[in-house]
Amino acid sequence: SSDDVLACTVSKNIAKVWNVKSRSCLRSLPLTSVSSKKQGSYGLCSVFLPGDTHVVIGTREGYLLIVDIASGDVVFTEKAHDKEIWSIDVKKPSSFNEDESIAIVTGSADKMVKFWEVESQGDDSDEEEESSHPGQPMLVHTRSLESNDDVVAVRYSYSHEKRMVFVSTLDCQIKVFFDDSLKFFLSLYGHTLPALALDASDDDAILASGGADKSIKIWGLDFGDTHRTLYGHRDSITDLKFVKKTHNFFTSSKDGSIRYWDGDRFEQILLLSGHMSEINCLAISKTGAYILSGSMDRQVRVWERTRDMVFLEEEKERELEEMFDKVDNNGDEDGT
């Protein structure tokens, strides 16, 4: 959430809201669509609405659900896409334009990127009585972008002067559009497999993308040039998040590790291990004080920043030692 107090995780038929500081689950939210109360929904992605009272969840069935955290009710359901909704993002609010409406973008396997505005449900809703929640938020579809292949990731930029939208598709392309007109701006080529995760620094100087080809690419957003390609993960990169007001970012991977990178020096700073299975997603606090990681081992881990000094040479040596130990252990197992 925007105040770093709450976190939301989604899974099959259920979403959970957590208090990060106390590590406790505040509420379990059943994901049932209004149209079919008996049938649950498989949550794939989620985002808090500004105000942190509601969560928007994208599902494998193509539905967008808005859940009221206080009551635990699904207050709005929309059949938004024909296939899985893989990615969702909310437009970062502009401090100098208070009248700016809350906007959301979704990307789906049906090759569509759709844009939504958040409005308040009226008392005279024409929908069924059971689906009408006066005063609660609802999503209104405003615009669409059609891509050539399945959309795997979408993100808004932070800039208020020239807001951009980044779209990654299954054909290994990343395209950049201007948000106001949806005019095409840049096409970023380089990944040999789809970029499953992308994020921009909050000064919009660079975009970082992590692909199923195990590589991380850092792009300049002025001309779309590749600043550097980084390697380190041994499997597909599943998520990527920048630390606010820096060019440092975290990546998670199917290899079960999280890595912390310097986007200016193009160096790995830290390797974080602990999960027993592939990591699906990351979330980072606004201050960078902690990150959350969600894994297929059904754990959500909290990683807190400490004041300990990090020496890059020592980190590299430690990682090499661990790699050699694994090779030795595998050799011993083969021998027996």
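An account of the accompanying structure is given in this report. (Residues numbered from 1 in each chain as written. Predicted model: local features only at pLDDT ≥ 70, side-chain atom pairs only at ≥ 80, totals over all residues. Heavy atoms only, no water.)

## Topic: the overall build of the protein
Test applied: Counting from the N terminus, the helices are DSSP H or I runs at least four residues long and the strands are E runs at least two residues long. Between the two quantities, the radius of gyration covers C-alpha atoms and the globule rule is 2.2 Å times the number of residues to the power 0.38. Each residue gets one of three labels from its accessible area relative to the maximum for its type: buried under 20%, exposed over 50%, partly exposed in between, using a 1.4 Å probe on protein chains only. All accessible areas in this document rest on Shrake-Rupley with a 1.4 Å probe, and a residue is counted as covered only by the protein chains that are shown. Positive charges come from Lys and Arg alone, negative charges from Asp and Glu alone, with His and the N- and C-terminal ends not counted. To locate a charge, take atom NZ for lysine, CZ for arginine, CG for aspartate or CD for glutamate.
Along the backbone of the protein there are one helix and 28 strands. For 336 residues, the compact-globule estimate of 2.2 N^0.38 gives 20 Å, and the protein sits close to it at 20 Å. Along the first, second and third principal axes, the C-alpha set of the protein runs to 70 × 45 × 40 Å. Expressed as a percentage of its 336 residues, the buried residues of the protein come to 50%. Here the protein displays about 17100 Å² of accessible surface, and carbon together with sulfur accounts for 48% of that area. With 38 positive and 59 negative side-chain charges, the protein shows a spacing of 2 Å between the two charge centroids.

## Here we look at the nonpolar core
Within soluble globular proteins, side chains that are nonpolar generally end up buried alongside one another. Using the following cut-off: In these notes, a set of buried Ala, Val, Leu, Ile, Met, Phe, Trp, Tyr and Cys residues joined through side-chain atoms within 4.5 Å is what counts as a nonpolar core. Only heavy atoms matter for contacts: two residues are in contact if any of them lie within 4.5 Å across the pair.
Ranked by internal contacts, the top residues of the largest apolar core, which has 17 residues, are Val56, Leu64, Ile66, Ile88, Ile104, Trp116 and Leu139. Top contributing element to this core by residue count: strand S10 (residues 85-90), with three residues. Beyond its immediate chain neighbours, meaning those up to four positions away, Leu139 contacts Val56, Leu64, Ile66, Phe76, Ile104, Trp116, Glu117 and Val118. Listed in part, the 14 residues of the second largest apolar core include Val17, Phe48, Ile57 and Tyr63.

## Structural notes on the layout of surface pockets
Spelled out, the test is: The distinction between a cavity and a pocket rests on a 1 Å grid over the protein atoms alone: a 1.4 Å probe fits inside a cavity but cannot get out, while a pocket stays open yet meets protein on both sides within 12 Å along at least five of seven lines, and a residue with an atom within 4 Å of a point counts as lining. Grid points are joined across faces, edges and corners, and a volume is the space filled by probe spheres set on the points. Under this grouping Gly is polar, as are all residues other than the nonpolar Ala, Val, Leu, Ile, Met, Phe, Trp, Tyr, Cys and Pro and the charged Asp, Glu, Lys and Arg.
Size it by volume and the second largest pocket reaches roughly 460 Å³. Tyr260, Leu270, Arg305, Thr306 and Val310 are the residues nearest the centre of the second largest pocket, which is lined by 21 residues in total. For the lining of the second largest pocket, the secondary structure elements donating two or more residues are strand S23 (248-253), strand S25 (267-273), strand S27 (290-295) and strand S28 (300-304). Take the lining of the second largest pocket: its biggest share by element is three residues, from S25. Across the lining of the second largest pocket, the residue classes break down as 13 nonpolar, four polar and four charged.

## Let's talk about the pattern of salt bridges
The following threshold applies: Here, a salt bridge means any side-chain nitrogen of Lys or Arg that lies within 4 Å of a carboxyl oxygen of Asp or Glu.
Evaluated as defined, the whole model comprises four salt bridges. Ionic pairing is found between Asp179 and Arg143, a salt bridge with its closest N-O pair at 3.0 Å. Here the residue Asp179 occupies a position in the loop between strand S16 (174-178) and strand S17 (184-188), and Arg143 occupies one in strand S13 (residues 137-146), the gap between them amounting to 36 residues. One salt bridge connects Lys241 with Asp239, and the closest N-O pair in it is separated by 3.1 Å. Classification of Asp239 by relative accessible area gives buried; the value is 9%. Among the charged side chains, a salt-bridge network with shared partners connects Lys91, Arg143 and Asp179.

## Some remarks on the sheet that holds strand S2 (residues 14-19)
Consider a sheet: its strands pair through backbone hydrogen bonds, and that pairing is either parallel or antiparallel. Counted only if it meets this: Pairs of strands are assigned from DSSP output, requiring at least two bridges between the strands. Axis angles are defined between N-to-C directions and span 0 to 180 degrees, where every axis is a line fitted to C-alpha atoms and, for a helix, only to the segment in contact.
Strand order in the open sheet formed by three strands is S1-S2-S3, and the pairing between neighbours is antiparallel. Single-partner strands in this sheet number two, and they are strand S1 (6-10) and strand S3 (24-30). Neighbour to neighbour, the strand axes of the sheet diverge by 20 degrees on average, direction disregarded. Two elements, S1 and S2, share five bridges in a ladder whose sense is antiparallel. Following the sheet pairing, Cys8 is matched in S2 by Val17.

## With respect to the sheet that holds strand S12 (residues 112-120)
One open sheet accounts for four strands, arranged S10-S11-S12-S13; its pairing is antiparallel. This sheet does not close on itself; its edge strands, each paired only once, are S10 and S13. Averaged over all pairs of adjacent strands, the angle between their axes in this sheet comes to 25 degrees, without regard to strand direction. Sheet topology note: the S10/strand S11 (residues 103-108) ladder contains five bridges and is antiparallel. Residue pairing across strands places Ile85 opposite Ser108, the latter belonging to S11.

## Considering the packing of aromatic side chains
Here is the rule: When the centres of two rings from Phe, Tyr and Trp lie within 6.5 Å, Trp using its six-membered ring, the rings pair. Their planes under 30 degrees apart give stacked, over 60 give edge-to-face, and anything left gives tilted.
According to the stated counting rule, one finds four aromatic pairs in the structure shown. Look at Phe177 and Phe184: their rings are 5.9 Å apart centre to centre, the planes differ by 70 degrees, and that puts the pair in the edge-to-face class. Between Phe250 and Tyr260, the ring centres sit 4.2 Å apart and the planes meet at 10 degrees, which makes this aromatic pair stacked. Taken together, the positions of Phe250 in strand S23 and Tyr260 in strand S24 (residues 257-262) put the pair 10 residues apart, joining distant regions of the chain. Relative accessible area serves as the criterion here: at 10%, Phe250 is assigned to the buried category.

## Some words on a negative patch on the surface
Under the convention used in this document: A patch is a set of surface residues, each over 30% in relative accessible area and not in a salt bridge, joined within 9 Å for like charges and within 5 Å for the nonpolar side chains Val, Leu, Ile, Met, Phe, Trp and Tyr.
Negative charge collects at one region of the surface, where Glu313, Glu314, Glu317, Glu321, Asp325 and Asp328 lie side by side. Classification of Glu314 by relative accessible area gives exposed; the value is 52%.

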